Amino acid sequence: MSFGQGGPQQPQWDPWKPQSEQPWSSGGTGDTPDWAALAEASEARNKRRRLLFVGGGALATLAVGAAVAVAVVSANGSPKGDPTALPSSDLPSPTPTAPSFAPTSAPPPLDPKDFVSSKQKDTAPLTPEGMFPGTRLTVGSAVYQKGPTDSTKSCAGASAGTLPKVLTANGCTLVMRVSYTVDGIASTVGVAVFDTEAQALKAKKQADDKSIVKALTGKGVKNFCNGAVCFSTTNSYGRYAYFTLTGFTSGKDVTKKDTAVMRTGNDLADFAFRQIRRRGEVQASAAANQ
């Protein structure tokens, strides 16, 4: 069917509207499209598509940049309470707290010397057997056999030389003695008792080379140091002053070469010191357990 000029109008083709249709040219045959017009329209569509792609890329770039900016602000300085805030990696790790305890202090240990430095604290019985126990004394390879013992309140009667005067002047109340023998050597140990440490120290300082304890003989111990030169020692600890007198049972004089005599006297002097100290330790232990 054909139409004349008065028939319906053909819609106009708009290259920017995808729904519009391009009219066929009337200048040629009815079946041949206008190739020049089609090429021109295709070029217009491609140009528009390129513009859209360029514009979309710019918008995407701006969007990514905005996201990065938000992330940086959130990590470096977001306000408190912002749920998007990132935790800082520089925060210190929590330090464990050590357990606390109530302060306590143990009582100081009791000093054994305090219990043998005054009559008020030194209340244990005083006897020769308590001070010099056993039947022999072993020191290293030496074995000293125990002989007679003695205890007297007459301090002057148990001493000789200048010692009686020294003991009496300083208030000596008791002298306990014991003798030991080994290989022809005899030694007497004398322990003088005072009420205070100060009295014992004063007696020790006042004693001289002629202040000696009197030799104790009997029970298998022959006379010794009776007019002969002997080796003597003097010392004190707490309220006790202790002396030794050592010599040969044969009666010969002791010389500086007689080291065995000197060793015997020193061993027995050390024994007296340890026994006095042990006395203090026993009483300190008993007081601590009360």
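Up top you'll find the structure we're talking about.
Residues numbered from 1 in each chain as written. Predicted model: local features only at pLDDT ≥ 70, side-chain atom pairs only at ≥ 80, totals over all residues. Heavy atoms only, no water.

Attention shifts here to the overall build of the protein chain. What the protein chain contains, in helices and strands, is 5 helices and 8 strands. In the protein chain, the succession of helices and strands from N to C terminus is α-α-β-β-β-α-β-β-α-β-β-β-α. Residues counted as buried form 31% of the 290 residues belonging to the protein chain. Of the accessible surface of the protein chain, which amounts to about 19000 Å², a share of 57% is contributed by carbon and sulfur atoms. (Helix = DSSP H or I, 4+ residues; strand = E, 2+ residues; numbered from the N terminus. Buried < 20%, exposed > 50% of the residue type's maximum accessible area, 1.4 Å probe, protein only. Areas by Shrake-Rupley, 256 points an atom, 1.4 Å probe, with all protein chains shown as cover.)

Time to look at the pairing of strand β1 (residues 136-139). The pairing of β1 with strand β2 (residues 142-152) spans 4 bridges and is antiparallel. Across the sheet, the residue bridging to Arg136 is Gln145, located in β2. Counted between consecutive antiparallel strands, the loop separating β1 from β2 contains 2 residues, among which Gly140 sits at a positive phi close to 65°. (Pairing = 2+ DSSP bridges.)

Let's shift gears to the sheet that holds strand β4 (residues 174-182). Read across the open sheet, the 6 strands follow the order β1-β2-β4-β5-β8-β7; overall the sheet is antiparallel. On the outer flanks of this sheet lie β1 and β7 (231-237), each paired with one strand and no other. The average angle at which neighbouring strand axes cross in this sheet is 25°, direction not considered. Sitting on the sheet, helix α4 (residues 197-206) touches β7 and β8 (240-248), and the angle it makes with β7 is about 155°. Contacts between helix α5 (residues 259-288) and the sheet are confined to β1, β2, β4, β5 (185-193), β7 and β8, with β8 contributing the most and set at about 155° to the helix. (Axes fitted to C-alpha atoms, helices over the stretch in contact; angles between N-to-C directions. Contact = heavy atoms within 4.5 Å.)

This paragraph deals with the pairing of β7. Note that β7 and β8 share 7 bridges and pair antiparallel. Paired with Thr234 across the bridge in β8 is Phe243. In this structure, the hairpin formed by β7 and β8 is closed by a connection of 2 residues, where Gly238 is found at a positive phi of approximately 65°.

In this approach a probe as big as a water molecule rolls over the atoms, and the regions it shows empty are the leftover space. Looking at the second largest pocket, its volume works out to about 150 Å³. Forming the boundary of the second largest pocket are Ala124, Pro125, Leu126, Thr127, Gly130, Met131, Gln275, Arg278, Arg279, Val282 and Gln283. (1 Å grid on protein atoms, 1.4 Å probe; cavity = no way out; pocket = protein on both sides within 12 Å on 5 of 7 lines; lining within 4 Å. Points joined across faces, edges and corners; volume = space filled by probe spheres on them.)

Okay, empty space enclosed by the protein next. For the structure on display, the rule yields 1 cavity of 30 Å³ or more. Size it by volume and the largest cavity reaches roughly 40 Å³. Considering the residues around the largest cavity, the lining is formed by Ala158, Ser159, Leu163, Leu167, Val175, Gly190, Val191, Ala192, Val213 and Phe243. Of all elements in the fold, only α3 (163-169) and β5 reach the threshold of two or more residues within the lining of the largest cavity.

Before going further, it helps to spend a moment on unusual backbone geometry. The phi dihedral of Lys219 falls on the positive side, at around 50°, and the residue is not glycine. Structurally, the position occupied by Lys219 is in the loop between β6 (211-213) and β7. Its relative accessible area of 70% is what places Lys219 among the exposed residues. Even without glycine at this site, Cys225 takes up a positive phi of about 55°. The residue Cys225 is located in the loop between β6 and β7 in this model. Classification of Cys225 as buried rests on a relative accessible area of 17%.

Time to look at the nonpolar core. Phe132, Tyr180, Tyr240 and Ile276 are the most contacted members of the largest nonpolar core, which has 26 residues in total. When contributions to this core are tallied by element, the ones reaching two or more residues are β2, β4, β5, β7, β8 and α5. Leave out the neighbours within four places in its chain, and Phe132 touches Lys146, Met176, Arg177, Val178, Tyr180, Val189, Val191 and Phe271. Counting 19 residues, the second-largest nonpolar core is a separate cluster that includes Cys155, Cys172, Val213 and Cys225. (Core = buried A, V, L, I, M, F, W, Y, C linked by side-chain atoms within 4.5 Å.)

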